[in-house]
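Residue-level listing of the chains:
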Amino acid sequence: MKLNYKIFLLIYSLLIMSAYAMKSNHGLDGYIENTIDAAKNARMHSNMGNIYFDEKKIISALKEYEIAYALTRNIPSSATYMYNIARCHMVLGNYKLAKELILGAIDKDCINMTYYEALCDCIIQLKQHKKEIEKYLSDTTNPYNKIVVGLLYFKTGQKTTAKLIFDDFVNEYPDMLITSDVKAMLNKM
């Protein structure tokens, strides 16, 4: 079943690529110019990366995600590809680089709770959680810092403190899009 799905995805991707290759516009001087849709090509590479990642072929997945990111680096959806690259580096044990990539993904898309969870996993693996908690607590200008602090407390076994921080976040920022994810975290506790 899984092999059939992979074969289907591969054939589907090839058909889409050939369809786009056939679709063309005539240039001003009569030459045929092929149109390339970088976002669609990026999704294809990302899908291939997902297949490789599921098969534990991390280097191959990393290369596909890097291509997807290179095709979309200037648009917000590239945050997903940065996160996928970071996931590969986490599996490979490159937590410092993964942390930097996740911070970049958060800069592009600050309402994805999965990114914050992965960031905290990197911080914990790097044994920086105490220092990072202090840093994030001292900066009260960014409400998302409370999410990081709450997750760090939660992931290091300090669930009561995490719950207090998440409760405070929900009460202080009830209208933020990410608040529903924070409420879901509270329900997990």
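About the criteria used
Residues numbered from 1 in each chain as written. Predicted model: local features only at pLDDT ≥ 70, side-chain atom pairs only at ≥ 80, totals over all residues. Heavy atoms only, no water. Helix = DSSP H or I, 4+ residues; strand = E, 2+ residues; numbered from the N terminus. Buried < 20%, exposed > 50% of the residue type's maximum accessible area, 1.4 Å probe, protein only. Contact = heavy atoms within 4.5 Å. Areas by Shrake-Rupley, 256 points an atom, 1.4 Å probe, with all protein chains shown as cover. Phe/Tyr/Trp six-rings, centres within 6.5 Å; stacked < 30°, edge-to-face > 60°. pLDDT = per-residue confidence, 0-100. Axes fitted to C-alpha atoms, helices over the stretch in contact; angles between N-to-C directions. Parallel < 35°, antiparallel > 145°, perpendicular 65-115°, else oblique. Left-handed = near helix turned anticlockwise from the far one by under 90°. Nonpolar A, V, L, I, M, F, W, Y, C, P; charged D, E, K, R; others polar.

Asker: How should I be thinking about the overall build of the chain in this particular structure?
Answerer: Scanning the chain from N- to C-terminus turns up ten helices and two strands. The helix and strand sequence of the chain, counted from the amino end, reads α-β-β-α-α-α-α-α-α-α-α-α. Counting over 189 residues, the chain shows a buried share of 38%. Long-range contacts, defined here as pairs at least 24 residues apart, represent 48% of the contacts in the chain between residues at least 6 apart. Taken as a whole, the chain presents about 11,400 Å² of accessible surface, with 56% of it coming from carbon and sulfur.

Asker: Just checking my understanding: could you explain the packing of aromatic side chains for this structure?
Answerer: Pairs of aromatic rings are described using the distance from one ring centre to the other and the angle between the two planes. Counted under the stated rule, the structure contains three aromatic pairs. Here Tyr 116 and Tyr 144 contribute two aromatic rings whose centre-to-centre distance is 6.1 Å and whose plane-to-plane angle is 10°, an arrangement assigned as stacked. Taken together, the positions of Tyr 116 in helix α6 (residues 113-125) and Tyr 144 in helix α8 (residues 144-155) put the pair 28 residues apart, joining distant regions of the chain. Judged by its relative accessible area of 2%, Tyr 116 falls in the buried class. Taken together, a centroid distance of 5.1 Å and an interplanar angle of 45° make the contact between Phe 169 and Tyr 173 tilted. Residues Phe 169 and Tyr 173 agree in their burial class; the two are buried.

Asker: Would you explain the confidence of the model for the chain in this entry?
Answerer: The predicted coordinates ought not to be read in detail in places where the model reports low pLDDT. Per-residue confidence for the chain gives a mean pLDDT of 86, with 79% of residues at or over 70. Confidence drops under a pLDDT of 50 for residues 22-31, and excluding neighbours within four residues, the segment shows twelve contacts in the predicted structure.

Asker: Looking at this model, I keep getting lost on the packing of helix α4 (residues 78-91) against helix α5 (residues 95-108). Mind explaining?
Answerer: Helix-helix packing is described using two parameters, namely the angle between the two axes and the distance between the axes. With their axes 8 Å apart at the nearest point, α4 and α5 run at an angle of 165° to one another. In terms of orientation, α4 and α5 fall into the roughly antiparallel class. The two elements α4 and α5 cross, and the hand of that crossing is left-handed. Residues Ser 78, Ala 79, Met 82, Tyr 83, Ile 85, Ala 86, His 89 and Met 90 of α4 form the contact with α5, whose participating residues are Tyr 95, Leu 97, Ala 98, Leu 101, Ile 102, Gly 104, Ala 105 and Lys 108. A per-class count over the contact of α4 with α5 returns twelve nonpolar, three polar and one charged.

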